[in-house]
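# Commentary on secondary and tertiary structure
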Amino acid sequence: MYNDIEIIPGGVTAAPGFMASGVFCGIRKNRTKRDLALIVAEQPCNAAAVYTLNKVKAAPLLLTMDNLHNGRAQAILVNSGNANACAPGGMEAAKATVAAVADAAKLSPDDFIVSSTGTIGVPLPVDTIVAGVPALVEGLSHDDATAAEAIMTTDTFTKSLAVRFTLGGKTVTLGGIAKGSGMIHPNMATMMAFITTDCSIEPAMLEEALRESSARTYNRISVDGDMSTNDMAAILASGTAGNPHISDKGEDYGKFLHALDIVNLKLAKDIAKDGEGATKLITAHVTGAMTVEDASKIAMAVIASSLVKSAMFGSDANWGRILAAMGYSGAEFEPTGVDVGFTSSAGTVDVCKDGAGMPFDEALAKQILSQSEVVIEIRLHEGDHEAQAYGCDLTYDYVKINGDYRS
């Protein structure tokens with residue numbers, strides 16, 4: 001539908017007028033990993049964010065919610081290595097770090113989106129962070145690589161993407177970075193995504209687009225079924241592209257939303273693929289459902305099932321676990337009308353027809369499930385709605401990583 005959306009380099013700094021930086025300031029024990037990131041716009045932006053549904057929310061999220069009451073922001077400050085959640089003096093610590101960065105960058109503390117990720121319950125080392133602020137501000141550039149690295153915790157690779165498209169004859173750029181590897185489950189996950197764009201768009205429309213897109217992307221991934229206290233996706237829109245201002249859900253809004261979906265879906269799938277200890281990306285694709293809600297419930301139940309995830313790790317075509325997860329998903333469907341198959345770069349195999357087992361080539365199934373990306377195809381025959389959810393296998397390494405996370 002929108003065939004002029006082009007993937008480009010640059011991530012969160014691809015849009016003109018945005019810079020980023022990432023430094024090691026000493027929050028982490030591992031001195032080889034950066035732990036403090038800053039994203040800054042040349043001027044105040046329209047802004048929006050969505051947050052974890054966990055009732056226990058970290059201080060930085062609460063501070064961001066307060067700062068964004070007017071739909072405006074100019075900078076994003078992120079630290080890794082410490083969640084600043086359920087920590088003594090958490091709000092005061094968040095405000096103190098923001099004040100230090102705001103002073104150094106000549107910005108208003110009220111114009112900051114603030115985010116933290118790491119161990120819960122440990123006081124944020126304010127003095128350590130403040131000592132790293134000069135290098136952080138001095139390092140601002142149009143390269144997002146150091147910032148993308150600084151927001152990682154147990155991630156094994158950085159997650160970044162940008163796109164370019166036209167609205168009203170004007171070139172618009174949108175890009176983002178994300179982190180997430182464990183404690184991933186809607187809504188949202190221990191994940192963070194930060195997006196920037198030069199699009200001219202009303203704050204209410206920006207928030208609506210972010211919510212719509214998150215529902216189809218970040219809220220369709222699951223690594224381990226645990227919902228974090230710190231999840232956030234935030235977006236800054238500078239409006240400098242000069243496109244006709246988006247103030248309603250017209251054609252331009254639809255194209256902007258589609259571009260946002262492209263970026264968010266790639267970042268979300270990268271998070272699922274990078275699940276702690278994971279060896280493969282798993283997609284649950286449900287078709288033929290009566291409603292999108294039913295398809296979504298089924299896809300998420302399957303992708304979140306520990307038994308399904310364990311079977312995927314063992315490349316075991318244990319389709320009975322898939323039907324079991326479907327059965328407790330809360331979705332409406334007829335069990336005797338379910339077909340299941342597996343697809344990967346090694347081919348396709350059907351393993352269940354009309355809710356019952358069928359003969360299939362076990363060796364081929366093993367080969368298909370041994371690939372790095374696998375799709376579980378679930379076909380209902382009750383409507384024309386579909387949905388996809390994304391996750392990963394559950395491995396021995398997941399337990400090892402989380403068994404000594406604090407050490």
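Residues numbered from 1 in each chain as written. Predicted model: local features only at pLDDT ≥ 70, side-chain atom pairs only at ≥ 80, totals over all residues. Heavy atoms only, no water.

### As for the overall build of the protein chain
Scanning the protein chain for helices and strands turns up 11 helices and 16 strands. On C-alpha atoms alone, the protein chain measures out to a radius of gyration of 22 Å, which is about the 22 Å that the 2.2 N^0.38 rule sets for 407 residues. Seen through its C-alpha atoms, the protein chain measures out along the principal axes to roughly 70 × 55 × 35 Å. Here the contacts in the protein chain between residues at least 6 apart in sequence split such that 80% fall between residues at least 24 apart. In the structure as shown, the protein chain presents an accessible area of about 15,900 Å², 52% of it carried by carbon and sulfur atoms. Looking at charge distribution, the protein chain has the averaged site of its 31 positive side-chain charges lying 5 Å from that of its 48 negative ones. (Helix = DSSP H or I, 4+ residues; strand = E, 2+ residues; numbered from the N terminus. Rg over C-alpha atoms; globule rule 2.2 N^0.38 Å. Contact = heavy atoms within 4.5 Å. Areas by Shrake-Rupley, 256 points an atom, 1.4 Å probe, with all protein chains shown as cover. Lys, Arg positive; Asp, Glu negative; His and termini not counted. Charge placed at Lys NZ, Arg CZ, Asp CG, Glu CD.)

### Side note on the pattern of salt bridges
Applying the stated rule across the entire model yields 13 salt bridges. Notably, a salt bridge pairs Lys-255 with Asp-4, separated by 2.9 Å at the nearest N-O pair. Of the two residues, Lys-255 sits in helix H6 (residues 251-273) while Asp-4 sits in the segment before strand E1 (6-8), which places them 251 residues apart along the sequence. With a relative accessible area of 33%, Asp-4 lands in the partly exposed category. The partner of Asp-339 in a salt bridge is Lys-353, and the shortest N-O contact between them spans 3.5 Å. (Salt bridge = Lys/Arg side-chain N within 4 Å of Asp/Glu carboxyl O. Buried < 20%, exposed > 50% of the residue type's maximum accessible area, 1.4 Å probe, protein only.)

### Focus on the side chain of Asp-339
Tracing the backbone through its elements, the reader meets Asp-339 in strand E12 (residues 339-344). Within polar-contact distance, the side chain of Asp-339 engages the side chain of His-381 at 2.8 Å. If we skip the residues at most four places from it in the chain, Asp-339 touches Cys-352, Lys-353, Asp-354, Glu-377, Ile-378, Arg-379 and His-381. (Polar contact = N/O pair within 3.5 Å; in protein donor to acceptor, adjacent residues only side chain to side chain.)

### A closer look at helix H5 (residues 203-216)
The end-to-end C-alpha separation of H5 is 20 Å, in line with the 20 Å expected for 14 residues at 1.5 Å each. Of the positions making up H5, those classed as buried are Met-205, Leu-206, Ala-209, Leu-210, Ser-213 and Ser-214. The buried residues of H5 all sit within an arc of 165° when viewed along its axis, so they share a single face. Of the surrounding secondary structure, the elements contacted by the buried residues of H5 are strand E3 (36-51), strand E8 (192-197), strand E10 (232-237) and H6. (Expected span 1.5 Å × (residues − 1). Arc of directions from axis to C-beta.)

### Section: the confidence of the model for the protein chain
Mean pLDDT over the protein chain: 92, with 94% of residues reaching 70 or higher. Counted against residues more than four places away or in other chains, residues 182-189, with its pLDDT under 50, gives 52 contacts. (pLDDT = per-residue confidence, 0-100.)

### Thoughts on the packing of aromatic side chains
Going through the model one piece at a time under the given rule, you end up with 1 aromatic pair. With centroids separated by 5.1 Å and ring planes inclined at 85°, the aromatic side chains of Phe-313 and Tyr-396 adopt a geometry described as edge-to-face. Here Tyr-396 lies in helix H11 (residues 396-403) and Phe-313 lies in helix H8 (residues 306-313), a separation of 83 residues in the sequence. Note on Phe-313: relative accessible area 27%, which makes it partly exposed. Here the guanidinium or amino end of Lys-159 rests over the ring plane of Phe-157, the centre of that ring lying 4.4 Å away. (Phe/Tyr/Trp six-rings, centres within 6.5 Å; stacked < 30°, edge-to-face > 60°. Lys NZ or Arg CZ within 6 Å of the ring centre and 35° of its normal.)

### Observations regarding the sheet that holds strand E16 (residues 385-392)
Spatial strand order, E9-E16-E11-E15-E12-E13-E14: 7 strands in an open sheet with mixed pairing. Where the open sheet ends on each side, the last strands, each with one partner, are strand E9 (221-222) and strand E14 (356-357). Here E12 pairs with strand E15 (residues 373-379) via 5 bridges, running antiparallel. Directly across from Val-340, in E15, lies its bridge partner Ile-378. (Pairing = 2+ DSSP bridges.)

### Regarding the pairing of E16
When E9 meets E16, the two strands line up parallel, connected through 2 bridges. Counted as the bridge partner of Ser-222 is Gly-391 from E16. Relative to E16, strand E11 (residues 281-289) runs antiparallel, the two sharing 7 bridges. Within the sheet, the bridge partner assigned to His-285 lies in E16 and is Gln-388.

### Re the pairing of E15
In this structure, E11 lies alongside E15, joined through 7 bridges in parallel fashion. Paired with Leu-281 across the bridge in E15 is Glu-373.

### Points about helix H3 (residues 126-138)
Compared with an ideal rise of 1.5 Å per residue, which puts 13 residues at 18 Å, H3 spans 19 Å between its outermost C-alpha atoms and is within 8% of the ideal. The largest bend in H3 amounts to roughly 40° and is located at Gly-132, with the proline Pro-134 lying one to four residues further along. Tucked into the core, H3 has its buried residues touching strand E2 (18-23), E3, strand E4 (72-80) and helix H2 (90-105). (Bend = angle between axes of the 7 residues up to and from the residue.)

### As for the packing of H5 against H6
Contact geometry of H5 with H6 gives a least axis separation of 9 Å together with a crossing angle of 45°. The angle between H5 and H6 places the two elements in the oblique class. You can see that H5 and H6 cross each other, and the crossing is right-handed. Contact with H5, carried on its side by Met-205, Leu-206, Glu-208, Ala-209, Leu-210, Glu-212, Ser-213 and Arg-216, involves Tyr-253, Phe-256, Leu-257, Leu-260, Asp-261 and Asn-264 of H6 and no other residues of that element. Grouping the constituent residues of the contact of H5 with H6 by class yields 8 nonpolar, 2 polar and 4 charged. (Axes fitted to C-alpha atoms, helices over the stretch in contact; angles between N-to-C directions. Parallel < 35°, antiparallel > 145°, perpendicular 65-115°, else oblique. Left-handed = near helix turned anticlockwise from the far one by under 90°. Nonpolar A, V, L, I, M, F, W, Y, C, P; charged D, E, K, R; others polar.)

### Concerning the side chain of Ser-115
Relative to the assigned elements, Ser-115 resides in strand E5 (residues 112-117). Sequence-distant contacts of Ser-115, defined by excluding residues within four places in its chain, comprise Pro-60, Leu-77, Val-78, Asn-79, Met-192, Phe-194 and Met-232.

### A short note on the environment of Ala-99
Along the chain, Ala-99 turns up in helix H2. Along the backbone, Ala-99 and Phe-112 are 13 residues apart, and their C-alpha atoms lie at a distance of 9.5 Å.

### Focus: the nonpolar core
For soluble globular proteins, nonpolar side chains are generally found buried alongside one another. Counting residues in each nonpolar core, the largest one holds 39 residues, and the members touching the most others are Phe-165, Leu-174, Ile-201, Tyr-218, Ile-235, Ile-246 and Phe-256. For this core, the elements supplying multiple residues, two or more each, are E3, strand E6 (159-167), strand E7 (170-179), E8, H5, E10 and H6. At 10 residues, H6 tops the list of elements feeding residues into this core. When residues no more than four places from it in sequence are discounted, the contact partners of Leu-174 are Ala-162, Val-163, Phe-165, Ile-195, Thr-196, Thr-197, Phe-256, Ala-259, Leu-260 and Val-263. Counting 36 residues, the second-largest nonpolar core is a separate cluster that includes Met-300, Val-302, Val-351 and Leu-369. (Core = buried A, V, L, I, M, F, W, Y, C linked by side-chain atoms within 4.5 Å.)

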